[in-house]
Amino acid sequence: MAINGYKPKLAVWKFSSCDGCQLSLLDCEDELLAVVGRVEIGYFLEATRAEVKGPYDISLVEGSISTPHDAERIHRIRRQSKTLVTIGACATSGGIQALRNFKDVDDFAAAVYARPDYIDTLAKSTPIRDHVRVDFELHGCPINKHQLLELLNATLNGRKPNIPSYSQCIECKRKGTVCVMVTTGAPCLGPVVHAGCGNLCPSCARPCYGCFGPKETPNTTSLAAWFDSLGQDRREIKHLFRSFTANAEAFRKESESHEKPQI
Amino acid sequence: MTPTPEYRKTRVVIDAAQLDVLIANLRAQGYEVIGPTVADGAIVYAPLSGAGELPAGVTDVQGPGSYRLEKNGTALFAHVVGPHAWKRYLYPPEQLLFRSVRQGRNLRINEELELKRYAFLGVRPCDIAAIRIHDKVFADGEYADPGYSARRQAAFIVAVNCTRPAATCFCASMNTGPRARDGFDLALTEFSDRGAPEFLVEVGSARGSQTLAKLKHRPAGEDDLKRADALLAAAARSMSRSMPSGIADAIEDHLEDAYWDKIAGRCINCANCTMVCPTCFCTTVEDVTDLSGDIAERWRKWDSCFNIDFSYIHGGSVRREASSRFRQWMRHKLDTWHDQFATSGCVGCGRCITWCPVGIDITEEARTLTKG
Ligand code: SF4
Ligand code: SF4
Ligand code: SF4
Ligand code: SF4
């Protein structure tokens, strides 16, 4: 992509999100200059007010679609982007704000805002993939900066990114982290969670929260049954699956199946 | 046949203080001593600087999907295998194979060979069997792995026989333990039932013999030998788990069977079982570049047949179903491994049972298949 001095144009777009994922790019302190040397920043409001017109070679999209305006704007961005990569739990699953998907959004608006009639929002917060074609998804809440660099790196050098979709447990085992669930009985989502965070929680003796969402072929039913045998009640199990990536299909279904008391 | 070397007949007894001397001597010889120590709620294998770091008076209580430590007695080796296996050191989870640097029109390639001399203290008999399996896989024939071979050749092995198996151990049925017959430089059997621990020492190599010579010891008496025999025989008898014989044939007879779908309902394909297994050796290769594309590195990382990409060939993955991945694991371990390496791929250490997050028990699954 970067032949004969041509600098690919990079754009970073924001939808419903906390900005944490875009900040991961600014957090690449040591590598940032190298990145800026290899790409032209076309649009990145967190970093610069300067704007370069599209089309863009690489668009990084942060955030979920949660308003009618979002739903329309994402199509414009897709049209201007050669490669569109979604970054973070919001963009790939709907984010923490997708907790509203399980309830009536009007009730929330009425409870929170003095003038709910000013609020123009969709009933559900949904991932970008539900609206336009996505070329690659980078998981995490927030994303991991090494994975972001690896993705940019691979894209710029025309190779496949090394971003595996297997379990968090593999990160534990390669690092030598002692399994928190087996040694303490605390419920850990790691066996069904996408690797990539760099083993943050388990290596601090904290079970995995699931920030990276479901891994490939996640058997949440079996893990939920094990949580039950460890003494977790149905409500606790529901809450375990219903957090940062609550709307990811596998986790949504598992939490819903623990919604009602068992007959 | 070559006659048995004289040192093989050595039987002496040392006290616990000599372990400290042993560690110091090995370190003085340039070895990094790795052995069992308590960390993060488990007994792991980590660098040791003295015998004070051994898990004195700590034992492990293991079951399917469960591992806890308990205080008990004064023994230094009243535990068995834990979450780590020696492959961490002989065959590291992430290994740089080479780095290439582009300089103008030239490419320079550095092959990185990390050469560490390890002394492993507290290698259990099942793990000696596992290391020997890896020798066949990595250090045999024309395409021997240079990194593994070099680390393995340098490694000094102090075995510790098991007088107290865990509930998950089944080495007796795999003929790999609880006593090591060979494959060590020194082998210890701990006596801890009468006060301060003492160790019966056997010698397996000339360098083992030279190392032992520097330790204070007394010749073992007939009663010492009998005591060790009795402890190890009792340990073998106490094992509640076993691998059913005929498991290889049973798997061949059930290649297409509803059983695999049933077990796939429980298995999470998280790959923990293969990561902790001392004989599992599969890896993936990752090529990485820096942003400029001038520096490229090739890394080898532990991988597993439970991962979808593991069977990725042109057009997609061959084993997409969880059932086919579980079958691949069991069939390779317990069945086709015999054709490939003339041994079972399982040494009976029980790690996969303990560290499976949903407690799947390979012996129980094997029993289901042999009965069905
Ligand atoms: S701590 Fe969690 S993520 Fe790590 S191995 Fe155990 S179950 Fe898997
Ligand atoms: S058998 Fe257990 S450890 Fe192995 S992949 Fe299945 S769930 Fe994970
Ligand atoms: S298959 Fe299980 S019991 Fe057998 S050697 Fe591997 S980890 Fe140990
Ligand atoms: S399987 Fe046997 S040799 Fe291995 S730790 Fe258990 S008792 Fe010892």
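In the block above lies the structure referred to throughout.
As a starting point, this report considers the structure included with it. (Residues numbered from 1 in each chain as written. Chains lettered and ligands numbered in written order. Predicted model: local features only at pLDDT ≥ 70, side-chain atom pairs only at ≥ 80, totals over all residues. Heavy atoms only, no water.)

## Description of helix α6 (residues 145–156) of chain A
Residue and element names in this part refer to chain A.
- With 12 residues, α6 should reach 16 Å at 1.5 Å per residue; the first-to-last C-alpha distance of 16 Å fits that figure.
- Taken together, the buried positions of α6 are occupied by Gln147, Leu148, Leu149, Glu150, Leu151, Leu152, Asn153, Ala154 and Leu156.
- Once α6 ends, the next one or two residues include glycine 158, with phi positive near 65 degrees. (Helix = DSSP H or I, 4+ residues; strand = E, 2+ residues; numbered from the N terminus. Expected span 1.5 Å × (residues − 1). Buried < 20%, exposed > 50% of the residue type's maximum accessible area, 1.4 Å probe, protein only.)

## Some points on the sheet that holds strand β2 (residues 32–39) of chain B
All names here are of chain B.
- In spatial order, the strands read β3-β2-β8-β9-β10-β11-β1-β12; together these eight strands make up an open sheet with mixed pairing. Edge positions in the sheet fall to β3 (42–47) and β12 (218–219), since each has one partner strand and no second.
- Pairing of strand β9 (residues 156–160) with strand β10 (residues 186–191), which is carried by three bridges, proceeds in the parallel orientation. When the bridges of β10 are listed, alanine 159 appears paired with alanine 187.
- Here helix α7 (residues 222–237) sits on the sheet in contact with β1 (11–15), β10, β11 (198–203) and β12, set at roughly 85 degrees to β10. (Pairing = 2+ DSSP bridges. Contact = heavy atoms within 4.5 Å. Axes fitted to C-alpha atoms, helices over the stretch in contact; angles between N-to-C directions.)

## Thoughts on the pairing of strand β4 (residues 81–87) of chain A
Residue and element names in this part refer to chain A.
- Where burial is concerned, most of β4 is hidden: six out of the seven residues are buried.
- In this view, the connection linking strand β3 (residues 56–62) to its parallel neighbour β4 by way of helix α3 (residues 68–79) has right-handed handedness.
- Relative to strand β5 (residues 136–138), β4 runs parallel, the two sharing three bridges. Along β5, the bridge assignment pairs threonine 86 with glutamate 137. (Right-handed = clockwise from strand over helix to strand, strands pointing away.)

## With respect to the nonpolar core
Residues and elements named next belong to chain B.
- Phe120, Met243, Phe326, Trp329 and Met330 are the most contacted members of the largest nonpolar core, which totals 97 residues.
- It is helix α3 (residues 125–138) that provides the largest number of residues to this core, a total of eight residues.
- In this structure methionine 330 touches Ile251, Tyr259, Trp260, Asp335, Ile362, Glu365, Ala366 and Leu369, once residues within four positions along its chain are discounted. (Core = buried A, V, L, I, M, F, W, Y, C linked by side-chain atoms within 4.5 Å.)

## Examining the site of ligand 1
- In the neighbourhood of ligand 1, the contacting residues comprise Gln168, Cys169, Cys172, Lys173, Cys179, Val180, Met181, Cys188, Gly190, Pro191 and Pro202 of chain A together with Asn272 of chain B.
- For the shell around ligand 1, the secondary-structure elements that each account for two or more residues are α7 (168–175) and α8 (180–184) of chain A.
- At four residues, the largest contribution of residues to the shell around ligand 1 is made by α7 of chain A.
- Of the residues that constitute the shell around ligand 1, the class distribution is eight nonpolar, three polar and one charged. (Near = heavy atom within 4 Å. Nonpolar A, V, L, I, M, F, W, Y, C, P; charged D, E, K, R; others polar.)

## Points about the interface of chain B and chain A
- Tallying the contact residues gives 48 residues for chain B and 34 residues for chain A.
- Contact with chain A buries area across many residues of chain B, yet Ile268, Leu291 and Pro357 of chain B alone supply 22% of it, more than any other trio.
- Scanning the region where chain B abuts chain A turns up zero salt bridges.
- Seen at the junction of chain B and chain A, the total is 27 residue pairs in polar contact (both at pLDDT 80 or more).
- Within the residue set of the side of chain B that touches chain A, elements represented by two or more residues are β3, β5 (66–71), α9 (258–266), α10 (272–276), β13 (283–289), β14 (295–302) and α12 (351–355) of chain B. (Buried area = accessible area lost by both parts, 1.4 Å probe. Salt bridge = Lys/Arg side-chain N within 4 Å of Asp/Glu carboxyl O. Polar contact = N/O pair within 3.5 Å; in protein donor to acceptor, adjacent residues only side chain to side chain.)

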